[in-house]
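Tertiary structure, described
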Amino acid sequence: QVQLVESGGGLVQAGGSLRLSCAASERTFSSYTMGWFRQAPGKEREFVAAIRWSDGITYYAPSVKGRVTISRDNAKNTVYLQMNSLKPEDTAVYYCAYRSQRTIRTMQNEYDYWGQGTQVTVSS
């Protein structure tokens, strides 16, 4: 069982930045993927970004590419989501997710463990 704990959400003005963190309780093996998803009120959860832990390969949703950077710290078992130039439409609960396979996927049902979520609110 992998436990994920997100932090770093909050209220920010449009154009501002936030960095989300997600600490994993353990690293069961090196061939896994970490992802970020978000869910806005009244909308389905959507993929934001993912990183392959073994080599740092990343993939982004088109809606955030260029404004968001996913990264990892091996020593801390932590994945980060740096978000810049935030827009009101980025307002959502952001979830960290763990996929116990090396291939990057964008569908939420391809991920095995989830964090509790952290709220990001961007004011206009």
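Here we summarise the structure given alongside this text. From a predicted model like this one, the values you see are computed outputs, not experimental measurements.

**Structural notes on the packing of aromatic side chains**
A full pass over the atoms with the stated rule returns 9 aromatic pairs. For the pair Tyr95 and Trp114, a centre-to-centre distance of 6.5 Å together with 75° between the ring planes defines the contact as edge-to-face. One end of the pair, Tyr95, is in strand β9 (residues 92–99); the other, Trp114, is in strand β10 (residues 113–114), and 19 residues separate them in sequence. With a centroid separation of 5.9 Å and 65° between ring planes, the pair formed by Tyr98 and Tyr113 is classed as edge-to-face. Separated by 15 residues along the polypeptide, Tyr98 in strand β9 and Tyr113 in strand β10 bring together distant segments of the chain. The exposure class assigned to Tyr98 is buried, which follows from its relative accessible area of 1%. On the accessibility criterion, Tyr113 (24% relative accessible area) is partly exposed. By way of ring pairs, the aromatic residues Phe37, Phe47, Tyr59, Tyr95, Tyr111 and Trp114 are connected into one cluster. Lying across the ring of Trp114, Arg45 places its NZ or CZ 4.8 Å from the centre.

**Structural notes on the sheet that holds strand β8 (residues 78–83)**
The antiparallel open sheet is built from 4 strands, whose spatial order is β1-β3-β8-β7. What marks the edges here is a single partner per strand, and that holds for β1 (4–7) and β7 (68–73). Adjacent strand axes in the sheet meet at a mean angle of 15°, parallel and antiparallel pairs treated alike. Relative to β8, β7 is paired through 6 bridges, and the arrangement is antiparallel. Residue pairing for β8: Val68 is matched across the bridge by Met83.

About the criteria used
- Residues numbered from 1 in each chain as written.
- Predicted model: local features only at pLDDT ≥ 70, side-chain atom pairs only at ≥ 80, totals over all residues.
- Heavy atoms only, no water.
- Phe/Tyr/Trp six-rings, centres within 6.5 Å; stacked < 30°, edge-to-face > 60°.
- Helix = DSSP H or I, 4+ residues; strand = E, 2+ residues; numbered from the N terminus.
- Buried < 20%, exposed > 50% of the residue type's maximum accessible area, 1.4 Å probe, protein only.
- Lys NZ or Arg CZ within 6 Å of the ring centre and 35° of its normal.
- Pairing = 2+ DSSP bridges.
- Axes fitted to C-alpha atoms, helices over the stretch in contact; angles between N-to-C directions.

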